[in-house]
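Chain and residue survey
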Protein chains: 2
Amino acid sequence: MSAQEIIRELHSCNVRVTPQRLKILSYLKGTDTHPTAEEIYQNVSENCYGLSLATVYNTLNLLKEHNLVLELKYGDLASRFDGNVMEHYHVYCKKCGKVSDFMGSPVNEVKLEAEEATGFAIESVRLDLYGYCGRCQTKHDA
Amino acid sequence: MSAQEIIRELHSCNVRVTPQRLKILSYLKGTDTHPTAEEIYQNVSENCYGLSLATVYNTLNLLKEHNLVLELKYGDLASRFDGNVMEHYHVYCKKCGKVSDFMGSPVNEVKLEAEEATGFAIESVRLDLYGYCGRCQTKHDA
DNA sequence: TTAGCTGCAAACTATTTGCCCTAAG
DNA sequence: CTTAGGGCAAATAGTTTGCAGCTAA
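The written sequence of each chain sets the order in which its residues are numbered from 1. Written order determines the labels here, with chains lettered from A and ligands numbered from 1. Local features in this predicted model are restricted to residues whose pLDDT is 70 or higher, and side-chain atom pairs enter the listing and the counts only when it is 80 or higher, whereas totals over whole chains, interfaces and linings include all residues. As a rule here, side-chain values come from all non-hydrogen atoms in the structure, and water together with hydrogens is ignored.

With respect to the overall build of chain A
Put simply, the test is: Starting at the N terminus, helices and strands are each numbered in turn, a helix being any DSSP run of H or I of at least four residues and a strand any DSSP run of E of at least two. Think of it in three bands: residues with accessible area under 20% of the maximum for their type are buried, residues over 50% are exposed, and the middle band is partly exposed, with areas taken using a 1.4 Å probe on protein chains only. In this analysis, two residues are considered to be in contact whenever any of their non-hydrogen atoms come within 4.5 Å of each other. A 1.4 Å probe and the Shrake-Rupley method give the accessible areas. Residues count as covered only by the protein chains that appear here. Only four residue types enter the charge count, namely Lys and Arg as positive and Asp and Glu as negative; His and the chain termini do not. Working definition for charges: the position is that of NZ of Lys, CZ of Arg, CG of Asp or CD of Glu.
In terms of helices and strands, chain A carries six helices and five strands. Written out in order from the N terminus, the α and β elements of chain A read α-α-α-α-β-β-β-β-α-β-α. With the C-alpha coordinates aligned to their principal axes, the bounding extent of chain A is approximately 45 × 45 × 25 Å. Every one of the 142 residues in chain A was classed for burial, and the buried ones make up 41%. Taking all contacts inside chain A whose residues are at least 6 apart in sequence as the whole, residues at least 24 apart take part in 45%. Of the roughly 7,700 Å² of accessible surface on chain A, 49% is carried by carbon and sulfur atoms. Within chain A, one finds 15 positive and 19 negative side-chain charges whose respective centroids are separated by 7 Å.

Things to note about the packing of aromatic side chains
All names here are of chain A. Defined as follows: A pair of Phe, Tyr and Trp rings is counted when the ring centres sit within 6.5 Å of each other, with Trp represented by its six-membered ring. The angle between the planes then sorts it: under 30 degrees is stacked, over 60 is edge-to-face, the rest tilted.
Applying the stated criterion across every chain yields a total of eight aromatic pairs over all chains. Considering the side-chain rings of Tyr 74 and Tyr 130, the 6.2 Å spacing of their centres and the 75 degrees angle between planes classify their relative orientation as edge-to-face. In this pair, Tyr 74 sits in the loop between strand E1 (70-72) and strand E2 (80-82) while Tyr 130 sits in strand E5 (residues 121-132), placing the two residues 56 residues apart along the sequence. Of the two residues, Tyr 74 and Tyr 130, neither departs from the other in class, the shared state being buried.

Structural notes on the packing of helix H2 (residues 19-29) of chain B against helix H4 (residues 53-65) of chain B
Each pair of packed helices gets described by two things: the angle between the helix axes and the distance between those axes. Residue and element names in this part refer to chain B. This is how the line gets drawn: Lines fitted to C-alpha atoms define the axes here, with helix axes fitted over just the stretch in contact, and angles between the N-to-C directions of these axes take values from 0 to 180 degrees. In what follows, roughly perpendicular refers to angles from 65 to 115 degrees, roughly parallel to angles under 35, roughly antiparallel to angles over 145, and oblique to any angle outside these ranges. Two helices that cross are described as forming a left-handed crossing if the nearer one is turned anticlockwise from the farther one by less than a right angle, and a right-handed crossing if clockwise.
Relative to each other, H2 and H4 sit at 70 degrees, their axes nearing to 10 Å. With respect to H4, the element H2 is oriented roughly perpendicular. The handedness of the crossing between H2 and H4 comes out as right-handed. Facing H2, whose interface residues are Gln 20, Arg 21, Ile 24, Leu 25 and Leu 28, H4 presents Thr 55, Val 56, Thr 59, Leu 60, Leu 62 and Leu 63.

Structural notes on the protein's contact with DNA strand C
Using the following cut-off: Note on definitions. A residue lies near a molecule or strand when any single heavy atom of the residue is within 4 Å of it. Polar contact is the term for a pair of N or O atoms within 3.5 Å; when the atoms are in protein, one must be able to donate a hydrogen and the other to accept it, and sequence-neighboring residues count only if both atoms are side-chain atoms. Residue classes follow a fixed rule: Ala, Val, Leu, Ile, Met, Phe, Trp, Tyr, Cys and Pro count as nonpolar, while Asp, Glu, Lys and Arg count as charged, and any other residue, Gly among them, counts as polar.
Neighbouring DNA strand C are 18 residues; Val 17, Tyr 57 and Asn 61 of chain A together with Thr 18 and Thr 55 of chain B lie closest to it. In DNA strand C, the atoms that sit within 4 Å of the protein are 81% sugar and phosphate, with bases accounting for the remainder. Val 17 of chain A places a polar main-chain atom, nitrogen or oxygen, 2.9 Å from a phosphate oxygen of DNA strand C. Interatomic distance of 3.2 Å between a backbone N/O atom of Ser 52 of chain B and a phosphate oxygen of DNA strand C. Of all the secondary-structure elements, those providing two or more residues to the surface near DNA strand C are helix H4 (53-65) of chain A together with H2 and H4 of chain B. Considering only residue class, the surface near DNA strand C consists of seven nonpolar, eight polar and three charged.

Section: the pattern of salt bridges
Just so we agree on the cut-off: By definition, a salt bridge exists where a carboxyl oxygen of Asp or Glu is found within 4 Å of a side-chain nitrogen of Lys or Arg.
Evaluation of the coordinates by the stated rule reveals 12 salt bridges over all chains. Glu 87 of chain A is paired through a salt bridge with Lys 111 of chain A; the nearest N and O atoms lie 3.8 Å apart. Placement of the pair is Glu 87 of chain A in the loop between E2 and strand E3 (89-93) and Lys 111 of chain A in helix H5 (residues 108-118), with a sequence separation of 24 residues. Judged by relative accessible area, Glu 87 of chain A falls into the partly exposed class, the value being 35%. With a closest N to O distance of 3.8 Å, Lys 73 of chain B and Glu 71 of chain B form a salt bridge. We classify Lys 73 of chain B as partly exposed; its relative accessible area is 22%. Via salt bridges that share partners, Lys 64, Glu 71 and Lys 73 of chain A belong to a single interconnected network.

Printed below as a string of structure tokens:
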């Protein structure tokens, strides 16, 4: 995703474009490692002199509100962020903490069931699968 | 679920039975409100004089490790806990924060797809649906 | 008897906020 | 030129931990 496209995305949300926001969002759109705020800060700082961690948090909250990024909370401490906002799911390794994306069959039926059963109007879904990644499977001592 | 049954559950995990643990687990098994640690503390304190919040946290962590309770983290700050550990899903109201249980079709196919696509060995699933509860649907200003 | 638990308070960590200045529009 | 945003440091909130006395087994 080019810088121009990202600028357009920000404009379309009536969000003022700043170098910090541009770089943070670009970074997130260009990785699939689901970094934490701290990791984003480390990486983006490299070409954004003087960037502060508070700005990273503020920016992530802003982007989140406009559905430009996803926040993923796992059992561990720091939230992880995902620049891919298309419906997709995640697998989480209980041993090493690795998070991988996974495109699965949409779970629309479940959405409908939920609306009927609970009376909620469902807008979005989050599906996480917990287990052990290939690397950790052999050596995991439950 | 009777106190006797809860004691048996704790024993079967080689967990020492204390009044605090008994009361916290009983409370969680007997509610479907997905309380936070603070709420558990408030409620259990009423008939457990001198209970401390740290004990609530320690106990919840212990129960979690033994899969006797589930921890649910949402966008808001405090984790919520669920004493129902059978596979079921949750709907979360983006307006008022209410969390309801929902028994849906098991998503086993998705589990298999994920194992094939990612090479992970999947052990458990968490499916959350986000939207607006009946009460909040009429008055939500997106 | 004794390993493990509790309560308390202090520590810790992720995240948020207030203030002042800079920069986007 | 005007107002939102950035940087910094201090504040906050949820959660964890160290320690000393207590208790379940």
